[in-house]
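Working through the structure, step by step
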There are 2 protein chains.
Amino acid sequence: MEHIDLLFIHAYLLTMQGEGVGFIEDGAVAVRGNLIADTGTTKDLLEQYTADRVIDASGKVIMPGLIDAHIHTGDALIRGVSQDIMNWMQHGMWPFTNVLRKDTDAVMKGSMVNIIEALKAGTTTFCDFDSPMTEIVQNHIKAGTRARVAEMVNEMPKENKSKVGELYTFDPEQGEKKLQRNIDLIRKYNGAENGRITCMLGPQGADMCSQEMLLRIKALAEEFDTSIHMHVAQGDREINQMVKRYGKRTIQYLDELGMLNERLIAVHLTEATDEETEYLASKGAGMVLCSGSIGIIDGIVPPSAAFLRKSSRLALGSDQAPGNNCSNMFNEMKFTAILNKCKAKDPTVYPAWKVLRMATIESAKTIGLGHEIGSLEKGKKADLIMINMSDPALCPVILVPVRNIVPNLVYSAHGNEVEMSVIDGRIIMEDRKVLTVNEEEAVCEAQKAAERIAAQAAVIFEDMKDTPLMKMMERGEL
Amino acid sequence: MEHIDLLFIHAYLLTMQGEGVGFIEDGAVAVRGNLIADTGTTKDLLEQYTADRVIDASGKVIMPGLIDAHIHTGDALIRGVSQDIMNWMQHGMWPFTNVLRKDTDAVMKGSMVNIIEALKAGTTTFCDFDSPMTEIVQNHIKAGTRARVAEMVNEMPKENKSKVGELYTFDPEQGEKKLQRNIDLIRKYNGAENGRITCMLGPQGADMCSQEMLLRIKALAEEFDTSIHMHVAQGDREINQMVKRYGKRTIQYLDELGMLNERLIAVHLTEATDEETEYLASKGAGMVLCSGSIGIIDGIVPPSAAFLRKSSRLALGSDQAPGNNCSNMFNEMKFTAILNKCKAKDPTVYPAWKVLRMATIESAKTIGLGHEIGSLEKGKKADLIMINMSDPALCPVILVPVRNIVPNLVYSAHGNEVEMSVIDGRIIMEDRKVLTVNEEEAVCEAQKAAERIAAQAAVIFEDMKDTPLMKMMERGEL
């Protein structure tokens, strides 16, 4: 008998090994240190292991922790201030972010609540794309979450006042500072916390960086042997900038710079054509699909179906709170399935099992962590969640003739059914209580910071009385 | 000073009065017996009322309880057994329902869990469309929920074995029995429980009832002065039956029978054209939109936008658990907004405030209860919910310059943020504990009943090895 730290028994186990969901009916998972020591049937593992703690998971699902492959936790403080309008960035986001971005404390407070929100909904890994990341990463270190992070690098001026349709002016000095922060981040935190924190390069978009900057980032990604996490064809706004500035669309431009390859994690592809998307996929790049966010902001279902024709490296992301407005991977899974069924007018596409893979094993591969997470498999990092199938929204469990567990997880779970989260072998949430951070305090501090930011944004909105959100306020629609 | 039963103070109040959301910042609601005695500011109401119980709703939203305008609670026991396939009814539902419908105890156990699920997600009124409703209505009586119910009437044979594409055979004897049950239901329960239970006529669909039956139902609706709750153009299956049997599509057929009027609550309209939908709306009928269910089952976004061009009597419904798979009106609101934004390719349509109205005041008008529920207004029934805005998914609350409460309720809430539900003046849920029913027992009993049903369905599936769900089981996708 081998002695280990944690042994889960009697679970409905979804290992996500193989091509499907890797179901084991009376399943068990053994955890030693920060790694999965074994998976199998309860009977087999009880014969091989004794453990410091044995957790009876009867009536519960155990599966890999969910991976949010694209999130801006630093924007969460302004959750819900910009949706249901055209040009949401100029007419809603920017007046708030111009204030928020000068107040790192407020950014941090919002980020922490966002992390707690997602964690309580089963997310264990965060691809956090934000600024200043050397600060925000401290939240992940504190919360105990797995994070793959990038500093958001652009050459936009400090106060963004571009009007709709105008070509952005670049500020190379700002760009230089931001790139330096990304480099510092990688040097300091890549592999930190026993490997729980890893770092990427993070150009915000081809429209917001000069060509020189993108080429430097490309070289740095090779030097540091890491990924480039980047918004690609993220809106008509971006495409317009690209065509005005370079006379070509984003994907052709990136191809000419030699940036379409395995290192690229292309986020959104909102405005990419099917042909562009297939081409990008065929060159080896990964894609992150943010169904909720792009649905709200643009009314668009991105061309992930075209991507899937050439590659399986498709991941899901929750994007950001001012325009999604939640960071909940169960929400993303259900939206991804239904929006794509409706786009294809075909209920057989994006079946539950496939979408569950996009939030676990395929996501891990997309963000470059396929060797470490995404499935429950001997030798991988011990990131797992336990889900209460006795919740009225998930009950009853039927095993034969048709097993209903995976469809109900994807189409009915809301996140609050997740009872326990283990990250890197450590129990981070138990009985829905986050053990690493004081939730009540975090919420209270975020509220205070939000009131400070809102008061300053109110001054800016004084000059924006004719914008759609102000009209909605006037009409009593908010 | 007037003495009342319940006084809520210091709430973010959404009365849903007027044309918008009727927001009052430091709002209060006074409840006397089963009615709303008053709404206003906390200051005003504290000057006028003393109460048996004063509830401090600081940091919480109080709003009308949500209305699920179309739900089959009796199907909930087979949650999640049929999705991601074509012909979900023939290849997934019917083998289960043929067994389930012979076991009223199992139907009841599933229904109760479904009611608890929805109640815990803020639903206070259920348009329950099922059979045997004289039984199922007992669950609503026990749970304390408001229910507007109809017996599902059709002339289908007891064992439904129709193959895809075949014209159904009718069994008038079965039809007669079912109609009689609907009449008995109305006679016995319309207005029961101090008016909390009301009854409608419930023909299952124009394809499943003879013309004679529909004309009798039309006459009965006039006799009892109530609504007709009916699936209309609910799938290509229905339209095919109608064209084969009568040489015309459903809406033209119903028009010729004189059934397109204010009494009709037309559910789904999945396969209705924009022109048919506008015509139906212009004749005064209401529409129920089931975004989640129809998205999963058919990959279709029904033509509610066309409906709204002629009428505002549009309500939302969760439909049924084997193919939605949840009964959660927050889920329906978010789906309705995003699916329609994506259908229109326009992020400004179906804004949060409008969708919130579709789940409250417009829903009430659609189902014929606009005079009683749907808004918090003096003299209406006291059906309200209290929502915790300190939940990490709803935090922070911003009041100026852009109020974020309504967008976050529609786009970020998942249902578990609802802390308290009051129905007909009675607290039915408090601190997320349902006070009228033992949740744990209900879940346990539903699980037992499901295992019984599944074992019998397994025998039927023995002859269905080639159907898509069986293939998915084989491939380890479930």
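Residues numbered from 1 in each chain as written. Chains lettered and ligands numbered in written order. Predicted model: local features only at pLDDT ≥ 70, side-chain atom pairs only at ≥ 80, totals over all residues. Heavy atoms only, no water.

The subject of this paragraph is a positive patch on the surface. A cluster of like positive charges, contributed by Lys343(A), Lys345(A), Lys343(B) and Lys345(B), occupies part of the molecular surface. According to the relative accessible area criterion, Lys343(B) is partly exposed, its value standing at 45%. (Patch = residues over 30% accessible without salt bridge, like charges linked within 9 Å, V, L, I, M, F, W, Y side chains within 5 Å. Areas by Shrake-Rupley, 256 points an atom, 1.4 Å probe, with all protein chains shown as cover. Salt bridge = Lys/Arg side-chain N within 4 Å of Asp/Glu carboxyl O. Lys, Arg positive; Asp, Glu negative; His and termini not counted. Charge placed at Lys NZ, Arg CZ, Asp CG, Glu CD. Buried < 20%, exposed > 50% of the residue type's maximum accessible area, 1.4 Å probe, protein only.)

Moving on: helix H7 (residues 211–224) of chain A. All names here are of chain A. Here H7 contains 14 residues, and its C-alpha end-to-end distance of 20 Å stays within 8% of the 20 Å for a straight helix at 1.5 Å per residue. Looking at H7, one finds that the buried residues are Met213, Leu214, Ile217, Leu220, Ala221 and Phe224. Buried positions in H7, seen along its axis, are confined to an arc of 120° and lie on one side of it. Exposed residues lying more than 90 degrees from the buried face of H7 are Glu212 and Glu223. Residues of H7 that are buried make contact with helix H5 (172–189), strand S10 (228–232) and helix H9 (250–256). (Helix = DSSP H or I, 4+ residues; strand = E, 2+ residues; numbered from the N terminus. Expected span 1.5 Å × (residues − 1). Arc of directions from axis to C-beta. Contact = heavy atoms within 4.5 Å.)

To continue, consider the interface of chain A and chain B. The interface of chain A with chain B comprises 82 residues on the first partner and 83 residues on the second. Approximately 6,600 Å² of surface area, both sides summed, lies buried where chain A meets chain B, with 67% of it carried by carbon and sulfur atoms. Counting every contact that joins chain A to chain B gives two salt bridges. The interface formed by chain A and chain B contains 32 residue pairs in polar contact (both at pLDDT 80 or more). Elements with a minimum of two residues in the side of chain A that touches chain B: helix H3 (104–120), helix H11 (291–298), helix H13 (329–344), helix H14 (352–358), helix H16 (405–411), helix H17 (439–461) and helix H18 (468–474) of chain A. Tallying contributions element by element places H17(A) first for the side of chain A that touches chain B, with nine residues. (Buried area = accessible area lost by both parts, 1.4 Å probe. Polar contact = N/O pair within 3.5 Å; in protein donor to acceptor, adjacent residues only side chain to side chain.)

Expressed as a screw operation, the relation of chain A to chain B combines 0.0 Å of axial shift with a rotation of 180°, fitting to an RMSD of 0.0 Å. One copy is carried onto the other by what is essentially a two-fold rotation axis. Considering only C-alpha atoms, the part of chain A nearest the rotation axis is His414(A), at 3.0 Å. In this assembly the copies share their binding face: 100% of the residues contributing to the interface of chain A also contribute to that of chain B. (Least-squares fit on C-alpha atoms with pLDDT ≥ 70 in both.)

Time to look at the packing of aromatic side chains. Under the defined criterion, the tally for this structure stands at five aromatic pairs over all chains. Between Phe335(A) and Phe335(B), the aromatic rings sit 4.0 Å apart at their centres with planes inclined by 10°, giving stacked as the arrangement. In this pair, Phe335(A) is assigned in helix H13 and Phe335(B) in helix H13 (residues 329–344), connecting two distinct chains. Residue Phe335(B) is classed as buried on the basis of its relative accessible area, which comes to 1%. (Phe/Tyr/Trp six-rings, centres within 6.5 Å; stacked < 30°, edge-to-face > 60°.)

A separate point is the pattern of salt bridges. Here the structure, examined in full by the defined rule, presents 59 salt bridges over all chains. As a salt-bridge pair, Glu430(A) and Arg53(A) come within 2.5 Å of each other at their nearest N and O atoms. Of the two residues, Glu430(A) is situated in strand S16 (residues 426–430) and Arg53(A) in strand S4 (residues 49–56); the sequence distance between them amounts to 377 residues. The exposure class assigned to Glu430(A) is partly exposed, which follows from its relative accessible area of 21%. Of the charged contacts, one joins Lys60(B) and Glu419(B) as a salt bridge, the two residues approaching to 2.8 Å between their closest N and O atoms. Taken as a pair, Lys60(B) in strand S5 (residues 60–64) and Glu419(B) in strand S15 (residues 418–423) lie far apart in primary sequence, 359 residues in all. A relative accessible area of 16% places Lys60(B) in the buried class. Each of Asp103(A), Asp105(A), Lys109(A), Glu445(A) and Arg452(A) takes part in one network of salt bridges that share partners.

Caution applies to low-pLDDT parts of the model: their predicted coordinates are not meant to be read in detail. Mean pLDDT over chain A: 96, with 99% of residues reaching 70 or higher. Predicted complex metrics record ipTM = 0.97 and pTM = 0.97. (pLDDT = per-residue confidence, 0-100.)

Residue and element names in this part refer to chain B. Closest axis-to-axis distance for the helix H3 (residues 104–120)/helix H4 (residues 133–143) pair is 9 Å, and the angle between their directions is 35°. Read as a crossing pair, H3 and H4 show a hand that is right-handed. For the pair formed by H3 and H4, the contact residues are Thr104, Val107, Met108, Ser111, Met112 and Ile115 on the first element and Glu135, Ile136, Gln138, Asn139, His140, Lys142 and Ala143 on the second. Looking at the contact of H3 with H4 residue by residue, the classes come out as six nonpolar, five polar and two charged. (Axes fitted to C-alpha atoms, helices over the stretch in contact; angles between N-to-C directions. Left-handed = near helix turned anticlockwise from the far one by under 90°. Nonpolar A, V, L, I, M, F, W, Y, C, P; charged D, E, K, R; others polar.)

Moving on to the sheet that holds strand S13 (residues 314–316) of chain A. All names here are of chain A. The strand order S10-S11-S12-S13 describes an open sheet built from four strands, whose pairing is parallel. Each having just a single partner strand, S10 and S13 make up the two edges of the open sheet. The sheet shows a mean angle of 30° between the axes of neighbouring strands, direction not considered. Pairing between S10 and strand S11 (residues 264–268): five bridges, direction parallel. For methionine 230, the partnering residue across the bridge sits in S11 and is alanine 266. The strands touched by H13 within the sheet are strand S12 (286–289) and S13, with S13 carrying the most contacts at an inclination of about 125°. (Pairing = 2+ DSSP bridges.)

This structure, assessed with the given rule, holds four cavities of 30 Å³ or more. Of the volumes computed, that of the largest cavity is approximately 150 Å³. Asn331(A), His414(A), Asn331(B), Ala413(B) and His414(B) are the residues nearest the centre of the largest cavity, which is lined by 16 residues in total. Elements represented by at least two residues in the lining of the largest cavity include exactly H13 of chain A together with H13 and helix H16 (405–411) of chain B. Split into classes, the residues belonging to the lining of the largest cavity amount to eight nonpolar, six polar and two charged. Taken together, 14 residues form the lining of the second largest cavity, with Asp391(A), Asn416(A), Glu117(B), Lys120(B) and Arg432(B) sitting closest to its centre. (1 Å grid on protein atoms, 1.4 Å probe; cavity = no way out; pocket = protein on both sides within 12 Å on 5 of 7 lines; lining within 4 Å. Points joined across faces, edges and corners; volume = space filled by probe spheres on them.)

Before going further, it helps to spend a moment on the pairing of S11(A). All names here are of chain A. Within S11, five of the five residues are buried, which leaves the element mostly enclosed by the surrounding structure. Looking at chain direction, S11 and S12 are connected through three bridges and run parallel. Counted as the bridge partner of alanine 266 is methionine 287 from S12. Crossover connection from S11 via helix H10 (residues 274–282) to parallel S12: handedness right-handed. (Right-handed = clockwise from strand over helix to strand, strands pointing away.)

Glancing now at helix H11 (residues 291–298) of chain B. Of all the eight residues making up H11(B), eight are buried; the element is thus mostly covered by neighbouring parts of the structure. Taken together, the buried positions of H11(B) are Ser291(B), Gly292(B), Ser293(B), Ile294(B), Gly295(B), Ile296(B), Ile297(B) and Asp298(B). Turning to H11(B), the residues buried within the fold contact H13 and H16 of chain A together with helix H2 (88–100), strand S11 (264–268), strand S12 (286–289) and H13 of chain B. Backbone geometry just downstream of H11(B) places Gly299(B) in the positive-phi region, at approximately 65°.

Contact geometry for H13(A) and H13(B): axes closest at 11 Å, N-to-C directions at 40°. Of the possible angle classes, the one that applies to H13(A) and H13(B) is oblique. Between H13(A) and H13(B) the crossing geometry is right-handed. Together, Asn331(A), Lys334(A), Phe335(A), Ile338(A), Leu339(A) and Cys342(A) of H13(A) and Asn331(B), Lys334(B), Phe335(B), Ile338(B), Leu339(B) and Cys342(B) of H13(B) make up the contact between the two elements. Its residues assigned to classes, the contact of H13(A) with H13(B) comprises eight nonpolar, two polar and two charged. (Parallel < 35°, antiparallel > 145°, perpendicular 65-115°, else oblique.)

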